[in-house]
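Chain and residue survey
One letter stands for each residue in the lines below.
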Amino acid sequence: MSSVAKSRIVVLHLTKYAESSVVLHAIDAQSGRRSFLVRGIKRGNAVAAFYPLSVLDVVSAESPKSSLAWLREWEPAAPLHELRGNRIKSSVAMFVSEVLYRSFTTELADPQFFDWLCGAIDGLDQETGSVANFPLWFLVSYAVQLGFMPGDPVEPQGIFTPTESDLLLKVLRSPYETALAIPLSADRRQAFSRKMLQYLSHHLGTTIDAKSLDVLHAVLA
C-alpha cells in the first residue's frame with residue numbers, strides 16, 4: 001500500500017529514467033536530499049516545471065516495492081520569473097543548483113538550512129542590481145550554513161592566497177547587498193569561486209566539479 005505525503009522541495013537536477021520518465025533530485029523541507037520519480041514526462045518537456053532552484057509544493061507517494069517515491073502532484077510555491085527569464089540569473093541558478101547537487105547529501109530535515117536556501121533563491125530572483133557576485137556570496141554563506149567558518153585559524157593551508165583570504169573575509173563580514181556590490185573583475189570572481197569549491201571539497205571529503213562555472217564565467221565576462 002502506498003503512503004502519500006505533502007512537502008516543499010527545491011529542484012536541483014533531472015536525470016532520464018526509462019523512455020518517458022525522469023528522476024528529480026531535490027532538497028526536501030522534511031527529509032533533506034531526496035530523489036523522486038516523475039512518470040510519463042520526457043526530460044526536455046520537464047524543464048518548464050522543474051527548472052533549477054524551482055521551489056515546488058509537491059504530493060509524493062511511496063511504495064514498499066520501490067526505493068524511489070514518485071511525484072503525484074506539483075505546483076510552484078513561488079513564481080521566480082527572473083530565474084527563468086533572465087539569462088544571467090538563470091546561469092547563476094544553474095551554477096548554484098549544480099553545487100548543491102554535487103555536495104549536499106544530508107538526508108535529514110534541516111528547517112533552518114531549507115529556509116535559508118529559499119531566502120537566497122528569492123533574493124536572487126528579486127535582486128534589481130548586479131548579481132555577478134551572488135555566486136561568491138552563496139558559496140561563502142553555504143560554507144557557514146554547513147558549519148565551516150571560512151577564515152578560521154585552522155583553515156587548511158594552500159587554498160587561499162592572502163588576497164583571496166581578504167576577499168573571503170570581506171564577503172563573510174558584509175551584509176548581503178554590500179557583498180553583491182564589491183567591485184571585482186570576472187576573472188577574479190571565477191578564480192575565487194574555484195577556491196571556494198576547493199574549500200568546500202576539502203571539508204566535505206569530495207570533489208565538487210561544477211562544470212557550469214565556466215558557462216557562468218562566459219555569461220558574466
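Please refer to the structure placed before this passage.
This text gives an overview of the structure that appears in the document. (Residues numbered from 1 in each chain as written. Predicted model: local features only at pLDDT ≥ 70, side-chain atom pairs only at ≥ 80, totals over all residues. Heavy atoms only, no water.)

Of the regular secondary structure elements, the protein holds 9 helices and 5 strands. For the protein, the α and β elements follow one another from N to C terminus as β-β-β-α-β-β-α-α-α-α-α-α-α-α. With respect to the principal axes defined by its C-alpha atoms, the protein has extents near 60 × 35 × 30 Å. For the protein, the proportion of contacts with a sequence separation of at least 24, taken over those separated by at least 6, is 65%. (Helix = DSSP H or I, 4+ residues; strand = E, 2+ residues; numbered from the N terminus. Contact = heavy atoms within 4.5 Å.)

This paragraph deals with the packing of helix H6 (residues 162-173) against helix H8 (residues 186-204). One way to put it is that H6 packs onto H8 with a least axis distance of 11 Å and a crossing angle of 85°. Of the possible angle classes, the one that applies to H6 and H8 is roughly perpendicular. For the pair H6 and H8, contact is made by Thr163, Glu164, Leu167 and Leu168 and by Arg188, Phe192, Lys195 and Met196, respectively. Across the contact of H6 with H8, the residue classes break down as 4 nonpolar, 1 polar and 3 charged. (Axes fitted to C-alpha atoms, helices over the stretch in contact; angles between N-to-C directions. Parallel < 35°, antiparallel > 145°, perpendicular 65-115°, else oblique. Nonpolar A, V, L, I, M, F, W, Y, C, P; charged D, E, K, R; others polar.)

Further remarks concern the nonpolar core. Ranked by size, the top nonpolar core spans 52 residues in total, and within it Phe95, Leu100, Leu117, Phe134, Phe138, Tyr142 and Met196 carry the most contacts. Core analysis: the next-biggest nonpolar cluster, separate from the first, contains 14 residues, Val11, Leu56, Val58 and Leu71 among them. (Core = buried A, V, L, I, M, F, W, Y, C linked by side-chain atoms within 4.5 Å. Buried < 20%, exposed > 50% of the residue type's maximum accessible area, 1.4 Å probe, protein only.)

With 17 residues, helix H3 (residues 87-103) ought to run about 24 Å at 1.5 Å a step, and its terminal C-alpha atoms sit 24 Å apart, in line with that. In terms of burial, H3 is largely enclosed, as 12 of its 17 residues are buried. Burial in H3 covers these residues: Lys89, Ser90, Ser91, Val92, Ala93, Phe95, Val96, Ser97, Glu98, Val99, Leu100 and Ser103. Backbone nitrogen of isoleucine 88 and a side-chain oxygen of the N-cap are separated by 3.0 Å at the start of H3; the cap is asparagine 86. (Expected span 1.5 Å × (residues − 1). Polar contact = N/O pair within 3.5 Å; in protein donor to acceptor, adjacent residues only side chain to side chain.)

Below, the discussion takes up the pairing of strand E4 (residues 55-62). Within E4, 6 of the 8 residues are buried, leaving the element largely enclosed by the surrounding structure. Pairing of strand E1 (residues 3-17) with E4 involves 8 bridges; the strand directions are antiparallel. Each bridged residue has a counterpart across the sheet, and for serine 7 the counterpart in E4 is valine 58. In this structure, E4 lies alongside strand E5 (residues 69-76), joined through 6 bridges in antiparallel fashion. (Pairing = 2+ DSSP bridges.)

The pairing of E1 with strand E2 (residues 21-28) spans 8 bridges and is classified as antiparallel. By the bridge assignment, histidine 13 is partnered in E2 with histidine 25. Counted between consecutive antiparallel strands, the loop separating E1 from E2 contains 3 residues, among which alanine 18 sits at a positive phi close to 60°.

Here we take up unusual backbone geometry. The phi dihedral of leucine 53 falls on the positive side, at around 75°, and the residue is not glycine. Counting through the fold element by element, leucine 53 comes out in the loop between helix H1 (43-46) and E4. On the accessibility criterion, leucine 53 (2% relative accessible area) is buried. Phi is positive for leucine 80, which is not a glycine, with a value near 50°.

Running from N to C, helix H5 (residues 134-145) and H6 point in directions that differ by 80°, and their axes come no closer than 10 Å. Compared by their axis directions, H5 and H6 come out roughly perpendicular. Facing H5, whose interface residues are Leu136, Trp137, Val140 and Val144, H6 presents Leu167, Val171 and Leu172. Tallied by class, residues from the contact of H5 with H6 come to 7 nonpolar, no polar and no charged.

Another aspect to go through is the pattern of salt bridges. Per the counting criterion, the structure on display carries 8 salt bridges. The partner of aspartate 28 in a salt bridge is arginine 34, with the nearest N and O atoms 3.5 Å apart. As far as burial versus exposure is concerned, aspartate 28 and arginine 34 are alike and both buried. Between glutamate 62 and arginine 34 there is a salt bridge, with its nearest N and O atoms 2.8 Å apart. Remark: arginine 34 occurs in strand E3 (residues 32-38) and glutamate 62 occurs in strand E4; sequence separation between them is 28 residues. For glutamate 62, a relative accessible area of 40% gives the class partly exposed. Judged by relative accessible area, which is 18%, arginine 34 ranks as buried. It is possible to trace a salt-bridge network through shared partners that takes in Asp28, Arg34 and Glu62. (Salt bridge = Lys/Arg side-chain N within 4 Å of Asp/Glu carboxyl O.)

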